[in-house]
Protein chains: 2
Amino acid sequence: MTSTQELTKNQSLVFNALARADGPLSAYTILDQLRGDGFRAPLQVYRALDKLLDYGMIHRLESINAFVACSHPHSHNHSHGMIAFAICEKCGQVSEFSDDVITGRVREWTNSNGFKQSKTTIEIRGLCATCGAA
Amino acid sequence: MTSTQELTKNQSLVFNALARADGPLSAYTILDQLRGDGFRAPLQVYRALDKLLDYGMIHRLESINAFVACSHPHSHNHSHGMIAFAICEKCGQVSEFSDDVITGRVREWTNSNGFKQSKTTIEIRGLCATCGAA
DNA sequence: TTTCGATATGTGATGTTATTACATTAGTCA
DNA sequence: TGACTAATGTAATAACATCACATATCGAAA
Ligand SMILES: [Zn+2]
Ligand SMILES: [Zn+2]
Ligand SMILES: [Zn+2]
Ligand SMILES: [Zn+2]
């Protein structure tokens with residue numbers, strides 16, 4: 001499979017739920033939203049999420065146990081660096097960005113410590129500009 | 001309270017469990033270790049963990065739902081920057097470090113985006129030097 | 001076209017992590 | 001003492017995730 005996927009029925013349903021949401025969703029929230037489409041069990045959601053993560057179409061936010069559609073439309077890969085997420089704890093808005101300096105510093109640390117990195121999580125929690133101004 | 005704490009009985013028990021462990025522990029693993037000391041319920045552990053987190057004596061590893069004693073002995077605060085963790089997925093070893101450049105870049109992003117940061121998670125998962133060599 | 005293997009799906013049960021709600025106990029300080 | 005706060009005990013429940021097993025779908029090889 002290439003980076004542009006032919007999604008299965010369940011994968012499409014889960015991806016569309018995330019794509020139309022205005023923020024991250026938990027697996028169980030997705031399940032509830034898709035009950036009308038025949039979803040009955042958590043595993044139907046988790047299996048689709050796993051594939052979508054593989055394909056790079058969504059991200060998992062470790063610090064809030066939730067999932068979000070990738071905000072880089074039509075380019076479902078981040079080959080050039082680690083991704084950071086800024087998560088608003090009030091409205092749920094998630095901003096995704098990549099910073100080469102951060103990526104480089106992490107690589108320097110892992111290289112000089114012999115650590116073989118497989119996945120890196122960078123999540124900033126706080127208040128977005130809108131919510132912080134209120 | 002200052003940064004050097006007089007811990008309560010439960011807080012001491014939980015902290016000591018983490019301090020003597022060779023890696024991160026889940027709340028329920030701590031609970032099981034402390035049953036002999038009279039612990040019966042998860043809340044006894046979670047309440048102690050919350051306080052120890054407040055005091056900066058332990059850290060929560062969001063990506064593995066586990067807790068680890070701070071590896072900076074006798075200086076339970078990290079006032080000068082964000083902390084990153086390198087977590088070995090084979091042996092569980094956790095290395096804690098702080099990088100001013102990373103901290104600075106995150107601050108630059110939040111400042112220029114009006115984002116009011118409250119807590120930042122940086123977790124690198126992979127294989128430590130020992131496990132990666134095997 | 002039949003057979004086979006790989007992938008996807010359906011479903012119930014179970015495992016793991018964390019919180020709510022309420023009662024009780026222990027220290028602190030007018 | 002009485003009033004207040006912090007800490008603790010306990011049961012129940014909520015929230016998140018996986019296991020085990022059965023069934024279905026699809027494409028390639030024979
Ligand atoms: Zn993305
Ligand atoms: Zn917001
Ligand atoms: Zn620390
Ligand atoms: Zn290791």
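Above this text sits the structure in question.
Note that the coordinates shown come from a computational prediction; the quantities given were computed from them, not determined experimentally. (Residues numbered from 1 in each chain as written. Chains lettered and ligands numbered in written order. Predicted model: local features only at pLDDT ≥ 70, side-chain atom pairs only at ≥ 80, totals over all residues. Heavy atoms only, no water.)

**Q** Please give an account of the packing of helix 1 (residues 9-20) of chain B against helix 3 (residues 42-54) of chain B that cites residues and values.
**A** All names here are of chain B. Two numbers describe how helix 1 lies on helix 3: the axes approach to 9 Å, and their chain directions differ by 80 degrees. Compared by their axis directions, helix 1 and helix 3 come out roughly perpendicular. Only Gln44, Val45, Ala48, Leu49, Lys51 and Leu52 of helix 3 make contact with helix 1, whose side of the interface consists of Asn10, Gln11, Val14, Phe15 and Leu18. Partitioning the contact of helix 1 with helix 3 into residue classes produces 7 nonpolar, 3 polar and 1 charged. (Axes fitted to C-alpha atoms, helices over the stretch in contact; angles between N-to-C directions. Helix = DSSP H or I, 4+ residues; strand = E, 2+ residues; numbered from the N terminus. Parallel < 35°, antiparallel > 145°, perpendicular 65-115°, else oblique. Contact = heavy atoms within 4.5 Å. Nonpolar A, V, L, I, M, F, W, Y, C, P; charged D, E, K, R; others polar.)

**Q** Please give an account of the protein's contact with DNA strand C that cites residues and values.
**A** Not every one of the 15 residues close to DNA strand C is listed here, only the nearest: Gln44 and Arg47 of chain A together with Tyr28, Leu43 and Arg60 of chain B. Backbone sugar and phosphate groups make up 45% of those atoms of DNA strand C lying within 4 Å of the protein. In the model, a phosphate oxygen of DNA strand C is placed 2.9 Å from a nitrogen or oxygen of the Tyr46 of chain B side chain. At the level of secondary structure, the elements contributing two or more residues to the surface near DNA strand C comprise helix 1 (9-20) and helix 3 (42-54) of chain A together with helix 3 of chain B. Among the elements that take part in the surface near DNA strand C, helix 3 of chain A stands out by supplying 4 residues, more than any other. (Near = heavy atom within 4 Å. Polar contact = N/O pair within 3.5 Å; in protein donor to acceptor, adjacent residues only side chain to side chain.)

**Q** Go over helix 4 (residues 100-112) of chain B, please, and point to the residues and values.
**A** Given a rise of 1.5 Å per residue, 13 residues ought to cover 18 Å, and the 18 Å separating the end C-alpha atoms of helix 4 of chain B matches this to within 8%. Turning to helix 4 of chain B, its buried residues are Ile102, Thr103, Val106, Trp109 and Thr110 of chain B. Projected down its long axis, helix 4 of chain B carries its buried residues within an arc of 130 degrees, all on one side. Of the exposed residues in helix 4 of chain B, the ones pointing more than 90 degrees away from its buried face are Asp100, Asn111 and Ser112 of chain B. The elements touched by buried residues of helix 4 of chain B are strand 3 (83-88), strand 4 (94-98), helix 4 (100-112) and strand 5 (116-127) of chain A together with strand 5 (116-127) of chain B. Residue Gly114 of chain B follows helix 4 of chain B closely and has a positive phi angle near 65 degrees. (Expected span 1.5 Å × (residues − 1). Buried < 20%, exposed > 50% of the residue type's maximum accessible area, 1.4 Å probe, protein only. Arc of directions from axis to C-beta.)

**Q** Just give me the short version of the relation of the copies chain A and chain B, but keep the residues and values in it.
**A** Structural alignment of chain A on chain B gives an RMSD of 0.0 Å, achieved by rotating through 180 degrees and translating 0.0 Å along the axis. These values place the two chain copies in the arrangement generated by a two-fold rotation axis. Proximity to the rotation axis, assessed at the C-alpha, singles out Ile122 of chain A in chain A; its C-alpha lies 2.3 Å from the axis. When the interface residues of chain A are mapped onto chain B, 100% of them again lie at the interface, so the same face is used by both copies. (Least-squares fit on C-alpha atoms with pLDDT ≥ 70 in both.)

**Q** Quick one: what's the story with the pattern of salt bridges, residue by residue and with numbers?
**A** Enumeration over the complete set of coordinates arrives at 14 salt bridges over all chains. Here Arg105 of chain A and Glu108 of chain A are joined by a salt bridge, their closest N and O atoms 3.5 Å apart. On the criterion of helical spacing, the pair formed by Arg105 of chain A and Glu108 of chain A is a turn pair, its members being 3 residues apart in helix 4. On the basis of relative accessibility, which here comes to 47%, the residue Glu108 of chain A falls in the partly exposed class. Here Arg60 of chain B ties to Glu62 of chain B by a salt bridge, and the two come within 3.1 Å at their closest N and O atoms. For Glu62 of chain B, a relative accessible area of 7% puts it in the buried group. (Salt bridge = Lys/Arg side-chain N within 4 Å of Asp/Glu carboxyl O.)

**Q** Can you explain the interface of chain A and chain B? Please cite residues and give values.
**A** Each side of the interface is counted separately: chain A has 34 residues, and chain B has 34 residues. Interface area for chain A against chain B, summed over the two sides, is near 2800 Å², with a carbon-plus-sulfur share of 60%. For the chain A face of the interface with chain B, the top three residues by lost area are Trp109, Phe115 and Arg125 of chain A, together amounting to 22%. Summed over the shared surface of chain A and chain B, the result is 4 salt bridges. Between Arg105 of chain B and Asp99 of chain A there is a salt bridge, and its shortest N-O distance comes to 2.9 Å. Here chain A is connected to chain B by 20 residue pairs in polar contact (both at pLDDT 80 or more). Among the elements of the structure, strand 3, strand 4, helix 4, strand 5 and helix 5 (129-133) of chain A are those that each provide at least two residues to the side of chain A that touches chain B. Tallying contributions element by element places strand 5 of chain A first for the side of chain A that touches chain B, with 12 residues. A per-class count over the side of chain A that touches chain B returns 15 nonpolar, 11 polar and 8 charged. (Buried area = accessible area lost by both parts, 1.4 Å probe.)

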